[in-house]
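Secondary and tertiary structure notes
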Amino acid sequence: MENSAIHLILQAGLVVKAVLILLLFFSVVSWAIIFYKQRYFSRGNKETILFLRSYRSAKDTRGLYEATKKMMISPIANIFKAVYLDEMHRKTETKRLLRRYEALETAKLEKYLNFLATTGSTTPFIGLFGTVWGIMNSFRGIGASGAASLAVVAPGIAEALIATAAGLAAAIPAVIAYNYYLSMAKRMIIEMEDFSEELLDLFTSEEA
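Now for a look at the structure at hand. Small disclaimer: the values here were computed from a predicted structure and weren't measured.

This part is about the nonpolar core. As a rule of thumb, soluble globular proteins bury nonpolar side chains together. Grouped together as the largest cluster of nonpolar side chains are 36 residues, with contacts concentrated most on Phe41, Phe51, Phe80, Leu116 and Tyr181. Of all elements in the fold, only helix H2 (14-57), helix H3 (61-67), helix H4 (75-89), helix H5 (94-109), helix H6 (113-145) and helix H7 (150-207) reach the threshold of two or more residues within this core. Here this core gets 13 residues from one element, more than from any other, and that element is H7. Look past the residues within four positions of phenylalanine 51 in its chain and what remains in contact with it is Leu64, Thr68, Met71, Ile76, Ala77, Phe80 and Phe195. Formed by 10 residues, the second largest nonpolar core is a distinct cluster that contains Val16, Leu20, Ile162 and Ala163.

Okay, structure coming up:
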């Protein structure tokens, strides 16, 4: 069909096509991050629940470490394991170690979220650029042909507006996902910081 979206995209100018390809890149990467972070946070929450259950029932830190070796995502499990291993080799500055590992786990939780934020804030403007460029080409076509009827202008404007639609299609899921995963990351960071205080008391008492 001549008025289908695919036909309009194929008939678009090089600049509009380049804009659409760039928006497609942002969209594909954003969705890959969305699915990755969903699995990541889901597994992290499950590991945290299992770790806390083991932590509450553990009789010693060595037994807890052995029980949680395979937990690779939960921030509080990773902090415990890292501090436990460091404390096995050097009985120094537990608080400093905790703060360092908190920073590392925070970076893991927030990984890739900046790309979602960038996608949400820039792709509407990239799409708008493609739209403006396409409309400019339409008016240039009017000037060249000398005809100003709607039938002449409409196809070019329709091509241009696809860029705006594509920009919004890339931005909206990215913004929603960014806010959702950022809130999850902040919640897990708060849990981690609270648990760090417990760990500090635990290892300090063992050193004493």
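Moving on from the coordinates now.
Further remarks concern the side chain of glutamate 105. Tracing the backbone shows glutamate 105 in helix H5. At 3.2 Å, the side chain of glutamate 105 and the side chain of lysine 108 are in polar contact. The residues touching glutamate 105, leaving out its near neighbours within four places in the chain, are Ile73, Pro75, Asn78, Ile79 and Met192.

Cut-off values and rules
- Residues numbered from 1 in each chain as written.
- Predicted model: local features only at pLDDT ≥ 70, side-chain atom pairs only at ≥ 80, totals over all residues.
- Heavy atoms only, no water.
- Core = buried A, V, L, I, M, F, W, Y, C linked by side-chain atoms within 4.5 Å.
- Buried < 20%, exposed > 50% of the residue type's maximum accessible area, 1.4 Å probe, protein only.
- Helix = DSSP H or I, 4+ residues; strand = E, 2+ residues; numbered from the N terminus.
- Contact = heavy atoms within 4.5 Å.
- Polar contact = N/O pair within 3.5 Å; in protein donor to acceptor, adjacent residues only side chain to side chain.

Keep in mind that these numbers describe shape and distance, not what the molecule does.
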